[in-house]
Amino acid sequence: MPYQLLFVCLGNICRSPSAENIMNHAIAQAGLSDRIVCDSAGTSSYHIGSPPDQRMQAAALRRGLKLKGSARQFQPEDFAKFDLILAMDRENYRDILSLDRQNVYQDKVRLMCDYAQNYRDRDVPDPYYGGESGFDYVMDLLEDACQGLLQEIKPKL
Ligand code: 4NP
C-alpha cells in the first residue's frame, strides 16, 4: 500500500489543491509516485465540485504547475484511510479534530507549516480575500513545506 497523504484547508480550492499538486510534482521528481499518493479536501462544503480558484491556478501556472482536482469535503472516514493529514492552518486543524469523536486520530493530523524549513509561519495564510501576492506567497510556502514533508516521509516508506 502506498503512503497516503491528505491536504486540508477550508474551501479545497486554493491552498490544499496547491499543496496536493506541488507535492505530487515533488514526489514524481523523487521517483516515488508509486509509493506516496496525495489527495485534498476542505473542511467546508462551500465549493464542493469546483475546480481550483482561477487566481490560485494563475499563481501555479507562473511556476509551470497546472492544478488538477475538484473540491470535496473532508469526511470522518478520511481519518482511517489516510496515513497523514496536513492542515493548512490552525483553524483547519481544530475543525478536523472536532470530527474525531473518539479522539483516536490526533497523531495523524499535523500542521503543514511544521514541515517548512525556510519560513516561520504557523499557518498557510488564507489568500481568498486578498490580492495576487497572497497566492504567490502560498506557492512559496507550500513549495518549501512540501520539500520538508517529503524528507520526513522518505524513511517511513
Ligand atoms: P482555501 O481558500 O481554504 O485555501 O481553499 C478559501 C476558499 C474559499 C473560502 C475561503 C477560503 N470561502 O470563504 O469561500
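Each remark here, short or long, concerns the structure printed above.
Keep in mind that this is a model prediction, so the values were computed, not measured.

Colleague: I tried to follow the site of the ligand on my own but got confused; where do I start?
Modeller: In the region of the ligand, the neighbouring residues are C9, L10, G11, N12, I13, C14, R15, Y46, H47, D126, Y128 and Y129. Interatomic distance of 2.8 Å between a side-chain N/O atom of H47 and an oxygen atom of the ligand. Its free accessible area being 350 Å², the ligand has 94% of it covered by the protein chains. In terms of residue class, the shell around the ligand is built from 7 nonpolar, 3 polar and 2 charged.

Colleague: In this structure, what is going on with unusual backbone geometry? I would like to understand it.
Modeller: With the exception of glycine, the majority of residues adopt a negative phi angle, and the majority of peptide bonds are in the trans configuration. In this model, N12 sits at a positive phi of 60°, which is unusual for a non-glycine residue. Structurally, N12 can be placed in the loop between strand 1 (3-9) and helix 1 (15-29). Looking at N12, the relative accessible area reads 3%, which means it is buried. Of note, N103 is a non-glycine position whose phi angle comes to about 55°, a positive value.

Colleague: Teacher, can you tell me more about the nonpolar core here?
Modeller: If you look at soluble globular proteins, the nonpolar side chains tend to sit buried side by side. Counting 38 residues, the largest nonpolar core has L5, F7, M23, L86, M88, M112 and L149 as the members making the most contacts within it. Among the elements that take part in this core, helix 5 (residues 132-153) stands out by supplying 10 residues, more than any other. Among residues more than four places away in sequence, those in contact with F7 are S16, A19, E20, M23, C38, D39, S40, A41, L86, M88, M112 and L149. In this structure, V8, A41, F74 and F82 belong to the second largest nonpolar core, which totals 12 residues.

Colleague: Please clarify how the pairing of strand 2 (residues 36-42) should be interpreted in this entry.
Modeller: In summary, the side chains of a regular strand alternate between the two faces of the sheet. Taken across its 7 residues, strand 2 has 5 buried, putting it largely inside the fold. Viewed along the sheet, the connection from strand 1 through helix 1 into strand 2 turns out right-handed.

Colleague: Just to check I follow, could you spell out the sheet that holds strand 1 for this structure?
Modeller: Backbone-to-backbone hydrogen bonds pair the strands of a sheet. The strands run either parallel or antiparallel. The strand order 2-1-3-4 describes an open sheet built from 4 strands, whose pairing is parallel. A strand with exactly one partner marks an edge of an open sheet, and here the two such strands are strand 2 and strand 4 (109-111). Between one strand axis and the next, the sheet turns through 25° on average, direction left out of account. On the sheet, helix 1 packs against strand 1 and strand 2 and is oriented at approximately 175° with respect to strand 2. Along the sheet face, helix 4 (residues 90-97) touches strand 1, strand 3 (84-87) and strand 4 and points at about 170° away from the line of strand 4.

Analysis parameters
Residues numbered from 1 in each chain as written. Predicted model: local features only at pLDDT ≥ 70, side-chain atom pairs only at ≥ 80, totals over all residues. Heavy atoms only, no water. Near = heavy atom within 4 Å. Polar contact = N/O pair within 3.5 Å; in protein donor to acceptor, adjacent residues only side chain to side chain. Areas by Shrake-Rupley, 256 points an atom, 1.4 Å probe, with all protein chains shown as cover. Nonpolar A, V, L, I, M, F, W, Y, C, P; charged D, E, K, R; others polar. Helix = DSSP H or I, 4+ residues; strand = E, 2+ residues; numbered from the N terminus. Buried < 20%, exposed > 50% of the residue type's maximum accessible area, 1.4 Å probe, protein only. Core = buried A, V, L, I, M, F, W, Y, C linked by side-chain atoms within 4.5 Å. Contact = heavy atoms within 4.5 Å. Right-handed = clockwise from strand over helix to strand, strands pointing away. Pairing = 2+ DSSP bridges. Axes fitted to C-alpha atoms, helices over the stretch in contact; angles between N-to-C directions.

Interpretation note: all reported values are geometric properties and have no functional meaning in isolation.
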